[in-house]
Amino acid sequence: MIKTIQQQTLPQRLSKIETKQLTSVTPELTQFTKDCEALGYNNNSNIKLMKWAWCMEIGGAWFATYDENKIISISGIHPWLNGWRALFRGVQTQARPGLSRHHMSSYCFHSQLPLQIEWAKQNEKYRDPSIYITTNTETDQSGKMLRINKTFTHLERAGLVQNLGRAEVFETIQNVWLLDIDRYTEIRESYDRIPKQRN
């Protein structure tokens, strides 16, 4: 059973951020693709382009982050090479509040990736599945993809990922990154620790 990740945002917003698995096309997802289209996020501008059905058919899954009942971010995970390709078609229409040194302003990287790791472990015959993430090196369908590729270079220096070189994925040259699950989990959990109050 995949858990959900909940994050109570700043009190003045009076809203709840929740991330959970999305198993079917919903009105909220359809609206999200329209939001992406308006923002020029071409890969997620409709259900077909985001390859929703393809991901599900080959044994993958999707995870979405909601602000109340509105989807603000989504990404998928699917079988790839000898493991899983996470954060597939990852996109968000608003950034996660807080520090972004380790890409934790990304709902995909902060909130969806832990659930995808858990999901992969439940669907993997080996205890520690290989988790890959790819980033575009040349083609930019949103105006932000090349910047994300640069961000992963910084993440490699922090030990969260390892660059395995370039590969052609969906007729697009991309960098392939192997996630260090233990290091990622360590960093991820440090962002959610609540400082103890002094007496």
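Since this is a predicted model, take the numbers as computed values, not measurements.

**As for the nonpolar core**
(1) Moving on: Of all hydrophobic cores here, the largest spans 25 residues; its most connected members are Ile77, Phe109, Leu113, Ile131, Leu179 and Tyr184.
(2) Moving on: In terms of residue count, helix 3 (residues 107-122) provides more of this core than any other element does, seven residues in total.
(3) Moving on: Of all hydrophobic cores here, the second largest spans 15 residues; its members include Phe32, Trp52, Cys55 and Phe88.

**Let's talk about helix 5 (residues 181-191)**
(1) Moving on: Every buried residue of helix 5 is listed here: Ile181, Tyr184, Ile187 and Arg188. The buried residues of helix 5 all sit within an arc of 135° when viewed along its axis, so they share a single face.
(2) Moving on: Near the N-terminus of helix 5, the side chain that reaches the backbone nitrogen of Asp182, with its oxygen 3.3 Å away, is that of Asp180.

**Digging into the pattern of salt bridges**
(1) Moving on: Per the stated rule, a full pass over the model turns up two salt bridges.
(2) Moving on: In this structure, Asp35 engages Lys70 in a salt bridge whose closest nitrogen and oxygen atoms are separated by 3.0 Å. Of this pair, Asp35 sits in helix 1 (residues 27-39) while Lys70 is found in strand 4 (residues 70-80), placing the two residues 35 residues apart along the sequence.
(3) Moving on: Here Asp35 falls in the buried class, since its relative accessible area comes to 17%.
(4) Moving on: With a relative accessible area of 42%, Lys70 lands in the partly exposed category.

How each quantity is defined
- Residues numbered from 1 in each chain as written.
- Predicted model: local features only at pLDDT ≥ 70, side-chain atom pairs only at ≥ 80, totals over all residues.
- Heavy atoms only, no water.
- Core = buried A, V, L, I, M, F, W, Y, C linked by side-chain atoms within 4.5 Å.
- Buried < 20%, exposed > 50% of the residue type's maximum accessible area, 1.4 Å probe, protein only.
- Helix = DSSP H or I, 4+ residues; strand = E, 2+ residues; numbered from the N terminus.
- Arc of directions from axis to C-beta.
- Polar contact = N/O pair within 3.5 Å; in protein donor to acceptor, adjacent residues only side chain to side chain.
- Salt bridge = Lys/Arg side-chain N within 4 Å of Asp/Glu carboxyl O.

Interpretation note: all reported values are geometric properties and have no functional meaning in isolation.
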